[in-house]
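Listed below are the residues making up each chain.
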Amino acid sequence: MKTLMIYGASGYTGRMAAAHAKEAGLKLVLAGRDEAPLQALATRLGVAYRVFALDNAGDVAYGLQDITVLLNCAGPFAHTAGALMEACLGGGVHYLDIAAELDSYQLAERHDLSATEAGVMLMPGSGGSVAMLGSLAARAVERVPSTCT
């Protein structure tokens, strides 16, 4: 079974993503820098957790072992996206984040060839404005009566 890791799982959005992933039956590993809140959330959800900071590439690579997809919910993304994308490229892990920040998009674009060669997807902004606004717009269109006759 494929495994999803949520980095920054003990933050507001990370907790929501973790609860939904668990509810959906996904194999889930929570991760972040602070053990106490991670352990509490992991215990409540009945899932595994890993604690690692992003300042040592070896620690990040080790933390991503056996992970298929990483969802980065840890901001500021200008400080987290680079280390996590690099580790994902090295470990063959798909990367998503919720940033919707220009810097994350540009970083993914700079790594495009490496991502293609590694067979991984780098998708910043996957949980933010584009997806939400697209869904909201589609819902609005469904509810508005057509004026064409």
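Look up: the structure comes first, before these words.
Residues numbered from 1 in each chain as written. Predicted model: local features only at pLDDT ≥ 70, side-chain atom pairs only at ≥ 80, totals over all residues. Heavy atoms only, no water.

Points about the packing of helix 4 (residues 77–91) against helix 5 (residues 102–110)
Inference 1: As a packed pair, helix 4 and helix 5 sit with axes 9 Å apart at the nearest point and diverge in direction by 20 degrees. Taken together, the axes of helix 4 and helix 5 are roughly parallel relative to one another. Judged by the sense of rotation from one axis to the other, the crossing of helix 4 with helix 5 is right-handed. Along the contact surface, helix 4 presents Phe77, Ala81, Gly82 and Met85, while helix 5 presents Ser104, Leu107 and Ala108.
Inference 2: Considered class by class, the residues forming the contact of helix 4 with helix 5 number 5 nonpolar, 2 polar and no charged. (Axes fitted to C-alpha atoms, helices over the stretch in contact; angles between N-to-C directions. Helix = DSSP H or I, 4+ residues; strand = E, 2+ residues; numbered from the N terminus. Parallel < 35°, antiparallel > 145°, perpendicular 65-115°, else oblique. Left-handed = near helix turned anticlockwise from the far one by under 90°. Contact = heavy atoms within 4.5 Å. Nonpolar A, V, L, I, M, F, W, Y, C, P; charged D, E, K, R; others polar.)

Topic: helix 2 (residues 35–45)
Inference 1: Taken as a whole, helix 2 has its buried residues at Leu38, Leu41, Ala42 and Leu45. Axial view of helix 2: buried residues confined to an arc of 100 degrees, hence all on one face. The outward face of helix 2, more than 90 degrees from its buried face, is lined by the exposed residues Ala36, Thr43 and Arg44.
Inference 2: Where helix 2 is buried, its residues contact helix 1 (12–23), strand 2 (27–32) and strand 3 (48–51). (Buried < 20%, exposed > 50% of the residue type's maximum accessible area, 1.4 Å probe, protein only. Arc of directions from axis to C-beta.)

Brief notes about the pairing of strand 3
Inference 1: Sheet topology note: the strand 2/strand 3 ladder contains 4 bridges and is parallel. Paired with Leu30 across the strands is Tyr49, a residue of strand 3.
Inference 2: Regarding topology, helix 2 serves as the crossover connection from strand 2 to the parallel strand 3, and that connection is right-handed. (Pairing = 2+ DSSP bridges. Right-handed = clockwise from strand over helix to strand, strands pointing away.)

A short note on the pairing of strand 5 (residues 94–97)
When a strand is regular, its side chains alternate between the sheet's two faces.
Inference 1: Direction of pairing for strand 4 (residues 69–72) relative to strand 5: parallel, over a ladder of 4 bridges. Considered in strand 5, the bridge of Leu70 is made with Tyr95.
Inference 2: A crossover links strand 4 with its parallel partner strand 5, the connecting element being helix 4, and its sense is right-handed.

Some words on the packing of aromatic side chains
Inference 1: One pass over the structure, following the stated rule, counts 1 aromatic pair.
Inference 2: Seen in terms of ring centroids, Tyr7 and Phe52 are 5.1 Å apart; in terms of plane orientation they differ by 45 degrees. Their pairing is tilted. Pair noted here: Tyr7 is in strand 1 (residues 3–7) and Phe52 is in the loop between strand 3 and helix 3 (57–63), with a separation of 45 residues, a long-range link. Across the pair, exposure class does not vary: Tyr7 and Phe52 are buried alike. (Phe/Tyr/Trp six-rings, centres within 6.5 Å; stacked < 30°, edge-to-face > 60°.)

Comments concerning the nonpolar core
Inference 1: Met5, Tyr7, Leu70 and Tyr95 are the most contacted members of the largest nonpolar core, which has 24 residues in total.
Inference 2: Mapped by element, the contributors of at least two residues to this core are strand 1, strand 2, helix 4 and helix 5.
Inference 3: Ranked by residue count, the leading element in this core is helix 4, at 6 residues.
Inference 4: Not counting residues up to four positions away in its chain, the partners in contact with Leu70 are Met5, Tyr7, Leu64, Leu84, Cys88, Val93, His94, Tyr95 and Leu96.
Inference 5: Leu4, Ala21, Leu38 and Leu96 belong to the second largest nonpolar core, which has 15 residues in total. (Core = buried A, V, L, I, M, F, W, Y, C linked by side-chain atoms within 4.5 Å.)

Side note on the sheet that holds strand 5
Inference 1: One open sheet accounts for 6 strands, arranged 3-2-1-4-5-6; its pairing is parallel. Of all strands in the sheet, those with a lone pairing partner are strand 3 and strand 6 (122–123), marking the two edges.
Inference 2: The pairing of strand 1 with strand 2 spans 5 bridges and is classified as parallel. Following the sheet pairing, Met5 is matched in strand 2 by Val29.

Here we look at the side chain of Asp97
Inference 1: Among the structural elements, Asp97 can be located in strand 5.
Inference 2: In this structure Asp97 is buried but unpaired, with Arg110 as the nearest side chain of opposite charge at 11 Å.
Inference 3: At 3.0 Å, the side chain of Asp97 forms a polar contact with the backbone nitrogen of Ala99.
Inference 4: Here Gly125 takes part through its backbone nitrogen, which lies 2.8 Å from a polar atom of the side chain of Asp97.
Inference 5: Here Asp97 is in contact with Leu71, Asn72, Phe77, Ala81, Ser104, Met123, Pro124, Gly125, Ser126 and Gly127, once residues within four sequence places are set aside. (Lys, Arg positive; Asp, Glu negative; His and termini not counted. Salt bridge = Lys/Arg side-chain N within 4 Å of Asp/Glu carboxyl O. Polar contact = N/O pair within 3.5 Å; in protein donor to acceptor, adjacent residues only side chain to side chain.)

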